[in-house]
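So the chains spell out like this:
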Number of protein chains: 2
Amino acid sequence: MTLLSEKIYTHAFRLTAAQCNAQRELAPAMLIQQIIEVATEHADLLGVGFKRLQEDGNLWVLSRIAIDIHRYPRLLERYSLSTWIENYNRHFSERNFELRGEDGEVIGYARTIWVAINMHTRRPADLSGISYIAETVCDHPCPMARQGKIRPQDPPQIVHNYTFMVSDIDFNRHVNSARYVELILNQFDLPTYDDFYLSRFEIEYKHEAHFGDEVEVCSSFQDETLVTAIQLDETPVCVARSFMTPRGKEKESDTTQQ
Amino acid sequence: MTLLSEKIYTHAFRLTAAQCNAQRELAPAMLIQQIIEVATEHADLLGVGFKRLQEDGNLWVLSRIAIDIHRYPRLLERYSLSTWIENYNRHFSERNFELRGEDGEVIGYARTIWVAINMHTRRPADLSGISYIAETVCDHPCPMARQGKIRPQDPPQIVHNYTFMVSDIDFNRHVNSARYVELILNQFDLPTYDDFYLSRFEIEYKHEAHFGDEVEVCSSFQDETLVTAIQLDETPVCVARSFMTPRGKEKESDTTQQ
């Protein structure tokens, strides 16, 4: 039996000066790192975390994240991330997030998709051994659009090269999931972030990159979005779509209305 | 009057998976970011933080950090950073740190030097307006050597180029202090960190770098240390010295004995 109170897990944060970006807000890549941390904490609490999956030789791999943000937490603001499982089947789980500012107002949502793989074969794993995860599914609302198919343009309009260094590598010896987000969002310059904010971002992780890998960050503008693929030769490491909104227009957005 | 309990301030941490490096430890650059955060918290608590200095048109600037580490906190470990002011005069303050592991054992020390500058002229400021800081000085032991003079070799043995991107910029619109540390420590490769750990590191910040600045990371081996200068044309942005110790040799160090 899972109590309702455990179905929605909340982590409280406070944005310190050292964590701020140049606009004195929570940087999108830091938000995504915190989303991953909070997901891990909740899964551990429910007994479906990395430790439990390891017993079956499996591990969770983050497949997709989409964030839909009304405004980012500001310098010294107390904010919170709440998470719950919306859906689950034998191969993946859908976990959603709600971002609240200091006054308790919802200022953003996120959707994530986690797949389980066998840690040796790297092939999709069967999650039926933890079918009790079904009891934790929760119908809390998440009024943001699901992630769509991302189709990078070939050839791209803009290409930057990057070689992954020691500081980019995570505890699994792969490139840190949040670091890809930084590389992608670095395609915009500082004045752009002064005038616009990242109101929606979607990323799909496709292949792992490692220390020393030399990649191409390939971007093109499609309609009002920047579509980016990080390519390791012919292999797409991840694809993403970034949507920027002029600052001061936040109030017109209706994606986070309750 | 300042209570003894306020003279030493302690912040407790837990090392999450998302924060670990490839060796499943706290990365040195993340430790330095946390040192800066804890310093800021303590200064605010004592009424000598950025807010108080701002009233006089001044601000704190981190001038030097040296860390002397016996071992780094490990994945999921609860650890703490304690800080106190060792010394203070009209122009700068010396603030020390003690790093403790889960079992309460001291596993490292740090020394920092903060200077106050006028926020408009960028010239050294006079701190005599907050002379009450003297009451908070504390003689808690910090048995690590002070930072020495760092003399980069000219010409250097190794040069890497880097251009500062959006994700490198902090809330003051300068390059993040911890990001320089990453750039410097990225001069070693991943296998080196598997076999060695950074037992001592010293950095002196000399000039601020900004978004778009193209720098050269210039390094040379001098005796058993790597000496690095980050150069913006002829201007040194910072200079640093890194000392690596073979893993498994930690017990022979006596710098952190009590």
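For the structure itself, consult the block above.
Residues numbered from 1 in each chain as written. Chains lettered and ligands numbered in written order. Predicted model: local features only at pLDDT ≥ 70, side-chain atom pairs only at ≥ 80, totals over all residues. Heavy atoms only, no water.

Details of the packing of aromatic side chains
Residue and element names in this part refer to chain A. Applying the stated criterion to the full structure yields 12 aromatic pairs over all chains. Centre to centre, the rings of Tyr 180 and Tyr 205 are 5.9 Å apart; their planes meet at 50°, and the pair counts as tilted. Here Tyr 180, found in helix H4 (residues 177-185), pairs with Tyr 205, found in strand S7 (residues 196-205); they are 25 residues apart in sequence, far enough to count as distant. The same class applies to Tyr 180 as to Tyr 205, namely buried. Chaining the aromatic ring pairs together yields one cluster made of Tyr 162, Phe 164, Tyr 180 and Tyr 205. (Phe/Tyr/Trp six-rings, centres within 6.5 Å; stacked < 30°, edge-to-face > 60°. Helix = DSSP H or I, 4+ residues; strand = E, 2+ residues; numbered from the N terminus. Buried < 20%, exposed > 50% of the residue type's maximum accessible area, 1.4 Å probe, protein only.)

Side note on the sheet that holds strand S3 (residues 78-88) of chain B
Residue and element names in this part refer to chain B. Reading across the sheet, the 10 strands line up as S1-S3-S4-S5-S2-S7-S10-S9-S8-S6 and stay open at both edges, with antiparallel pairing between neighbours. One side of each edge strand has no neighbouring strand; the edge strands of this open sheet are strand S1 (9-14) and strand S6 (158-163). Taken over all neighbouring pairs, the strand axes of this sheet differ in orientation by 25° on average, direction set aside. Sheet topology note: the strand S7 (residues 196-205)/strand S10 (residues 235-246) ladder contains 9 bridges and is antiparallel. Residue pairing across strands places Tyr 205 opposite Cys 238, the latter belonging to S10. Running over the sheet, helix H4 (residues 177-185) touches S6, S7, strand S8 (214-222), strand S9 (225-232) and S10 and is turned about 130° from S7. (Pairing = 2+ DSSP bridges. Axes fitted to C-alpha atoms, helices over the stretch in contact; angles between N-to-C directions. Contact = heavy atoms within 4.5 Å.)

Some remarks on the packing of helix H2 (residues 28-45) of chain A against H4 of chain A
Residue and element names in this part refer to chain A. Here H2 crosses H4 at 160°, and the two axes come no closer than 9 Å. With respect to H4, the axis of H2 lies roughly antiparallel. Viewed along their axes, H2 and H4 form a crossing whose handedness is right-handed. Side by side, H2 and H4 meet where Pro 28, Ala 29, Ile 32, Gln 33 and Ile 36 of the first sit next to Ser 177, Ala 178, Val 181, Glu 182 and Leu 185 of the second. The class makeup of the residues in the contact of H2 with H4 is 7 nonpolar, 2 polar and 1 charged. (Parallel < 35°, antiparallel > 145°, perpendicular 65-115°, else oblique. Left-handed = near helix turned anticlockwise from the far one by under 90°. Nonpolar A, V, L, I, M, F, W, Y, C, P; charged D, E, K, R; others polar.)

Side note on the pattern of salt bridges
All names here are of chain A. The tally for this structure, following the rule as stated, stands at 36 salt bridges over all chains. Residue Arg 52 pairs with Glu 55 through a salt bridge whose shortest N-O separation is 3.7 Å. Separated by 3 residues within a single helix, Arg 52 and Glu 55 lie in helix H3 (residues 50-55), roughly one turn from each other. Where Arg 52 meets Asp 56, a salt bridge forms, and the shortest distance between an N and an O atom there is 3.1 Å. Taken together, the shared-partner salt bridges connect Asp 68, Arg 200, Glu 202 and Arg 241 into one network. (Salt bridge = Lys/Arg side-chain N within 4 Å of Asp/Glu carboxyl O.)

Observations concerning the sheet that holds strand S6 (residues 158-163) of chain A
Note on sheets: strands pair through backbone hydrogen bonds, and any given pair is parallel or antiparallel. All names here are of chain A. Ordered by their spatial adjacency, 10 strands build an open sheet running S1-S3-S4-S5-S2-S7-S10-S9-S8-S6, and the pairing between neighbours is antiparallel. Because the sheet does not close on itself, it has two edges, and the strands there are strand S1 (9-14) and S6. Averaged over all pairs of adjacent strands, the angle between strand axes in this sheet comes to 25°, irrespective of strand direction. As paired strands, S6 and strand S8 (residues 214-222) are joined by 6 bridges and run antiparallel to one another. Its bridge partner being in S8, His 160 is matched across the sheet by Val 217. Strand contacts of H4: S6, S7, S8, strand S9 (225-232) and strand S10 (235-246), with the helix running at about 130° to S7, the strand carrying the most contacts.

What about the relation of the copies chain B and chain A?
For the pair chain B and chain A, the best superposition has an RMSD of 0.0 Å and corresponds to a rotation of 180° with a translation of 0.0 Å parallel to the axis. What the rotation and shift describe, once combined, is the action of a two-fold rotation axis. Every residue of chain B has its C-alpha some distance from the rotation axis, and the shortest such distance is that of Tyr 162 of chain B, at 5.2 Å. Most of the interface of chain B is mirrored in chain A, where 100% of its interface residues again form contacts. (Least-squares fit on C-alpha atoms with pLDDT ≥ 70 in both.)

Some thoughts on the state of the cysteines
Summed over all chains, the structure comprises 0 disulfides over all chains. Between Cys 142 of chain B, a cysteine without a disulfide, and Cys 138 of chain B, which holds the nearest cysteine sulfur, the sulfur-to-sulfur distance is 11 Å. (Disulfide = S-S within 2.5 Å.)

Some thoughts on H2 of chain A
All names here are of chain A. For H2, which comprises 18 residues, the first-to-last C-alpha distance of 26 Å matches the rise-based estimate of 26 Å (1.5 Å per residue) to within 8%. Counting buried residues along H2, 15 of its 18 residues qualify, which places the element largely inside the surrounding structure. Just downstream of H2, Gly 47 is the residue with a positive phi angle, here 75°. (Expected span 1.5 Å × (residues − 1).)

Re the nonpolar core
Counting residues in hydrophobic clusters, the biggest one holds 130 residues, and the most contacted among them are Ile 67 of chain A together with Ile 67 of chain B. The residues contacting Ile 67 of chain B, other than those within four sequence positions of it, are Leu 31, Ile 32, Ile 35, Tyr 72, Tyr 109, Ala 110, Met 144, Leu 198, Ser 199, Arg 200 and Phe 201 of chain B. (Core = buried A, V, L, I, M, F, W, Y, C linked by side-chain atoms within 4.5 Å.)

Looking at the interface of chain B and chain A
With 29 residues of chain B in contact, the opposing surface of chain A contributes 30 residues. When chain B packs against chain A, close to 2,800 Å² is buried across both sides, 56% of that on carbon and sulfur atoms. Where chain B touches chain A, the interface holds 2 salt bridges. Residue Asp 194 of chain B is joined to Arg 173 of chain A by a salt bridge in which the shortest nitrogen-to-oxygen separation is 2.6 Å. Put simply, chain B and chain A have 13 residue pairs in polar contact (both at pLDDT 80 or more) between them. Listed by contribution, the elements that provide at least two residues to the side of chain B that touches chain A are helix H2 (28-45), H4 and helix H5 (190-195) of chain B. Counting residues per element, the side of chain B that touches chain A draws most heavily on H5 of chain B, at 3 residues. A per-class count over the side of chain B that touches chain A returns 12 nonpolar, 9 polar and 8 charged. (Buried area = accessible area lost by both parts, 1.4 Å probe. Polar contact = N/O pair within 3.5 Å; in protein donor to acceptor, adjacent residues only side chain to side chain.)

Re the pairing of S9 of chain A
All names here are of chain A. Counted residue by residue, S9 has 7 buried out of 8 residues, so it is predominantly covered. Sheet topology note: the S8/S9 ladder contains 7 bridges and is antiparallel. The residue of S9 that forms the bridge with Gln 222 is Thr 225. Linking two consecutive strands that pair antiparallel, namely S8 and S9, is a turn of 2 residues; a positive phi of about 50° is found at Asp 223 within it. Both S9 and S10 contribute to a ladder of 8 bridges, which runs antiparallel.

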